[in-house]
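# Remarks on the overall topology
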Amino acid sequence: VLSDVYRPCTRVGSLAGYANDPSAIERVAELRGLVADRLPPYMVPAAIMVLESLPLTVNGKLDQGALPAPEFTSAVAYRAPRDRREQVLAALFDEVLAVTRVGVDDSFFELGGHSLSAMRMVARVRVELDVEVPMRAVFEAPTVAGLAGWMSAHAGRRVVAPLVVQQRPVVVPLS
């Protein structure tokens, strides 16, 4: 008989917290494909995460504050930026979307971007690269390489007249 053996005061429940599940990545890819077949592209979630269980409040409702932050990952292999323009665009994607590493083939929307963050992206491109990019271009070419290609194809053209500082009139007309 063994004596002085440590015995926990509570029973050990699930052992899932002590091991990982390698097939979770395959299930996420399978679920993404299933959803993509049935929904339009704009409705496919940008991030799908596997959770052991949903956090609940004392009332049994979903505790949204206890949910982990979504992890946005790219479905394509990483390719580094090839020139200065792509480096700046990748840094802007990183800044606007708060992701760690952006390759030239990573889609802005698959990394967690949406229409409001695309507006921020357009504004940052205007400041950093002095290029006026319409919102439509971000939706048509959502990757770093695609956006850099769009800029090269539209080089020298100003899409929108730049704003200039003017004196405010004494009487502001109705619009």
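Residues numbered from 1 in each chain as written. Predicted model: local features only at pLDDT ≥ 70, side-chain atom pairs only at ≥ 80, totals over all residues. Heavy atoms only, no water.

Before going further, it helps to spend a moment on the overall build of the chain. Looking only at helices and strands, the chain has five helices and zero strands in total. When the elements of the chain are put in sequence order from the N terminus, they spell out α-α-α-α-α. The proportion of buried residues among the 175 residues of the chain is 25%. Pairs at least 24 residues apart make up 51% of the contacts formed inside the chain by residues separated by at least 6 positions. For the chain, the exposed area adds up to about 13,400 Å²; of that, 57% sits on carbon and sulfur atoms. (Helix = DSSP H or I, 4+ residues; strand = E, 2+ residues; numbered from the N terminus. Buried < 20%, exposed > 50% of the residue type's maximum accessible area, 1.4 Å probe, protein only. Contact = heavy atoms within 4.5 Å. Areas by Shrake-Rupley, 256 points an atom, 1.4 Å probe, with all protein chains shown as cover.)

Scanning the model with the defined rule gives six salt bridges in all. As a salt-bridge pair, Arg-126 and Glu-132 come within 3.0 Å of each other at their nearest N and O atoms. You can call Arg-126 partly exposed: its relative accessible area is 37%. Between Glu-140 and Arg-136 there is a salt bridge whose closest N-O contact spans 2.7 Å. (Salt bridge = Lys/Arg side-chain N within 4 Å of Asp/Glu carboxyl O.)

A complete count under the given rule lists three aromatic pairs for this structure. Taking 5.2 Å as the distance between ring centres and 80° as the angle between the ring planes, the aromatic pair formed by Phe-93 and Phe-108 counts as edge-to-face. In this pair, Phe-93 sits in helix 2 (residues 84-97) while Phe-108 sits in the loop between helix 2 and helix 3 (115-129), placing the two residues 15 residues apart along the sequence. Of the two residues, Phe-93 and Phe-108, neither departs from the other in class, the shared state being buried. Between Phe-108 and Phe-109 the ring centres are 5.2 Å apart and the planes differ by 85°, which places this aromatic pair in the edge-to-face class. The class of Phe-108 is buried, set by a relative accessible area of 0%. Put simply, the rings of Phe-93, Phe-108, Phe-109 and Phe-139 touch in pairs and so form one group of aromatic residues. Of note, Arg-101 hangs over the ring of Tyr-78, and the distance from its end group to the ring centre comes to 3.8 Å. (Phe/Tyr/Trp six-rings, centres within 6.5 Å; stacked < 30°, edge-to-face > 60°. Lys NZ or Arg CZ within 6 Å of the ring centre and 35° of its normal.)

On to a nonpolar patch on the surface. A cluster of nonpolar residues, Met-49, Leu-51, Leu-54, Leu-56, Leu-62 and Leu-67, forms a patch on the protein surface that exposes about 500 Å² of accessible area. By the element assignment, Leu-54 lies in the loop between helix 1 (24-38) and helix 2. Taking the relative accessible area as the measure of exposure, Leu-54 reaches 53% and is therefore exposed. (Patch = residues over 30% accessible without salt bridge, like charges linked within 9 Å, V, L, I, M, F, W, Y side chains within 5 Å.)

The first and last C-alpha atoms of helix 3 sit 20 Å apart over 15 residues, in line with the 21 Å expected at 1.5 Å per residue. Check the buried side of helix 3 and you find it contacts helix 2, helix 4 (135-140) and helix 5 (144-153). The positive-phi residue at the C-terminal boundary of helix 3 is Asp-130, with phi of around 55°. (Expected span 1.5 Å × (residues − 1).)

Attention now goes to helix 2. Taking 1.5 Å as the rise per residue, helix 2 with 14 residues should run 20 Å; its terminal C-alpha atoms sit 20 Å apart, in good agreement. Buried residues of helix 2: Glu-86, Val-88, Leu-89, Ala-90, Leu-92, Phe-93, Val-96 and Leu-97, and no others. Check the buried side of helix 2 and you find it contacts helix 3 and helix 5. With its phi angle positive at about 55°, Ala-98 sits one or two positions after the end of helix 2.

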